[in-house]
Amino acid sequence: MSTSPYRSWIEVSLRQIADNFNAIKLVVGPAVEVMPVVKADAYRHGAIEVSRALVDRGARWLAVSNVEEGVALRQAGIAGRILVMADFLPAGRVAMLEHKLTPVLHSLDDLRELDELARQRGTLADYHLKIDSGMGRLGTRAAVGEIHQAITAARNVRLEGLMTHFASVSDFSSRQTGEQTRYFLGLCEALRTAGIVPPMAHMSSTGAIAYGRREAWCDMVRPGHAIYGYTSPARGKGPPNLLHVKPALTWKASVLTVKEVHGGALIGYGGMYRAPEAMRIAVLAVGYADGLPHRLSNKGHVIACGQRVPILGAVSMDMTTIDATHCPALKPGDAVTLLGSEGDVSIDAQEMARVAGTISYSVLCAISSRVKRVYL
Ligand SMILES: *Cc1c(COP(=O)(O)O)cnc(C)c1O
């Protein structure tokens, strides 16, 4: 059992992240660029450290969600290409160009505005244009002719990539991915026929890589979840998962106190748990303010002394109580594992998400900044 000076902390293996990156490259092959997605602070693994590790291992492109995230990487000295996938707000446009971030434009109006800005500044900017192929979120739904006209008219900027994003990529009971792929590839082909041939097209996130949707790999793929060691299970009759990746993050918390309670004792807010008999409980220095889902109350498990033990009662803001009856050695200052493994017992973000009624992405992104980060 390890001890630590922290209340709660995550240990991030940069080697595992690099191994996951390599595993993805192996699957898509050398002709397809792999652009790791490091938005949302690299799904809480730490965008700067993760980006540095990936660039060291040969990543030429990184993707973020907004300008602020891109600027933070530039200020940390990250020099490669950075694609800003979800932001083209007026307030961030100048910073986008000044920091040589590459915008994804979501409409033909965005394109006219970028063109005008580039003209005023006398710089040539590259951009990627997002097509709404059926997800119904960001991206243009304009017809080919209109897109062609807007691209041709924007003389101060250069179309570097066409992209789209899937709504149901791991769901093999739905036809949506096939329909989106046909729409997007058809549009690319029509533009090509009309003389517009951008250097890249890209549409695949983790699910399209894992389940071998090769027609969607095009010139570049955009994995996020897989970089951090996760793939979502396929719904319906999916093909085998091609990706061999492992979680890179372990989440731990310290024991604040251990005590005996009598049979019938109530534990925590609302008296949600009543001890059926005399038992030993441990109070952990982690709660929902650290990102531990409140919905694990009376339902979730943690790993203490190499065993899976239940969470008793409500997860509170700063504390969580567990059953330590079968861990006689557990004492204040010891560490327990919320996400990760001890020996052959493990809990990952997918399991935690299932119990909490959410998705693994949300479990990872919820780990708050109050939780210290340690790099291995
Ligand atoms: C977040 C995101 C990705 C990465 O998705 P994963 O499922 O984490 O691999 C790729 N593309 C876009 C546009 C995204 O927003």
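None of the values given here were measured: they were computed from a predicted structure.

### With respect to the pattern of salt bridges
Counted according to the given criterion, the structure contains 18 salt bridges. Here Arg370 ties to Asp290 by a salt bridge, and the two come within 2.9 Å at their closest N and O atoms. With a gap of 80 residues between them, Arg370 in the loop between helix H11 (360–366) and strand S19 (372–375) and Asp290 in the loop between strand S13 (279–284) and strand S14 (301–304) connect regions that are remote in the sequence. Accessibility expressed as a relative area gives 34% for Arg370, which makes it partly exposed. The salt bridge partner of Glu351 is Arg308, with a shortest N-O separation of 2.9 Å. Of this pair, Glu351 sits in helix H10 (residues 349–356) while Arg308 is found in strand S15 (residues 307–312), placing the two residues 43 residues apart along the sequence. On the accessibility criterion, Arg308 (38% relative accessible area) is partly exposed.

### What about the side chain of Ser316?
In this fold, Ser316 is placed in the loop between S15 and strand S16 (320–323). Discounting chain neighbours no more than four positions away, the residues touching Ser316 are Tyr269, Gly287 and Tyr288.

### Comments concerning the site of the ligand
The ligand sits among Val37, Lys39, Tyr43, Met85, His165, Ser205, Thr206, Arg222, Pro223, Gly224, His225 and Tyr361. The contact in question runs from an oxygen atom of the ligand to an N or O atom on the backbone of Gly224, over 2.8 Å. A distance of 2.6 Å is found between an oxygen atom of the ligand and a side-chain nitrogen or oxygen belonging to Tyr361. Here the ligand has 390 Å² of accessible area as a free molecule, and 90% of this is covered by the chains. If you map the ligand onto the pockets, it falls in the largest pocket. Among the residues making up the shell around the ligand, the classes are represented as five nonpolar, five polar and two charged.

### Digging into the domain arrangement of the chain
In terms of domain boundaries, the chain breaks down into domain 1 (32–227) and domain 2 (249–375). Here the C-alpha centre of domain 2 lies 39 Å away from the C-alpha centre of domain 1. Across the contact, eight residues belong to domain 1 and 11 residues belong to domain 2. A combined buried area of about 940 Å² lies between domain 1 and domain 2, and 59% of that area is made up of carbon and sulfur atoms. Contact with domain 2 buries area across many residues of domain 1, yet Arg44, His45 and His225 alone supply 67% of it, more than any other trio.

### Some points on the nonpolar core
Formed by 112 residues in total, the largest nonpolar core has its most connected members in Leu129, Trp251, Ile322, Val336 and Leu338. Taken domain by domain, this core gets at least three of its residues from each of domain 1 (32–227) and domain 2 (249–375). Within the second largest apolar cluster, eight residues are counted, among which are Val261, Ala265, Tyr273 and Met279.

### Details of the packing of aromatic side chains
Applying the stated rule across the entire model yields four aromatic pairs. Consider the rings of Phe172 and Tyr211, whose centres lie 5.6 Å apart with planes at 80°: the pair is edge-to-face. Placement of Phe172 in the loop between strand S7 (157–163) and helix H8 (176–193) and of Tyr211 in the loop between helix H9 (206–210) and strand S9 (220–221) is noted, with a sequence separation of 39 residues between them. Note on Phe172: relative accessible area 24%, which makes it partly exposed. Clustering of aromatic rings is evident, with ring pairs tying together Tyr43, Tyr228 and Tyr361. A cation over a ring is seen here: Arg141 above Tyr183, with NZ or CZ 4.9 Å from the ring centre.

Reading the values: the criteria
- Residues numbered from 1 in each chain as written.
- Predicted model: local features only at pLDDT ≥ 70, side-chain atom pairs only at ≥ 80, totals over all residues.
- Heavy atoms only, no water.
- Salt bridge = Lys/Arg side-chain N within 4 Å of Asp/Glu carboxyl O.
- Helix = DSSP H or I, 4+ residues; strand = E, 2+ residues; numbered from the N terminus.
- Buried < 20%, exposed > 50% of the residue type's maximum accessible area, 1.4 Å probe, protein only.
- Contact = heavy atoms within 4.5 Å.
- Near = heavy atom within 4 Å.
- Polar contact = N/O pair within 3.5 Å; in protein donor to acceptor, adjacent residues only side chain to side chain.
- Areas by Shrake-Rupley, 256 points an atom, 1.4 Å probe, with all protein chains shown as cover.
- 1 Å grid on protein atoms, 1.4 Å probe; cavity = no way out; pocket = protein on both sides within 12 Å on 5 of 7 lines; lining within 4 Å.
- Sits in = over half its atoms within 2 Å of the grid points.
- Nonpolar A, V, L, I, M, F, W, Y, C, P; charged D, E, K, R; others polar.
- Domains from an automatic or database assignment.
- Buried area = accessible area lost by both parts, 1.4 Å probe.
- Core = buried A, V, L, I, M, F, W, Y, C linked by side-chain atoms within 4.5 Å.
- Phe/Tyr/Trp six-rings, centres within 6.5 Å; stacked < 30°, edge-to-face > 60°.
- Lys NZ or Arg CZ within 6 Å of the ring centre and 35° of its normal.

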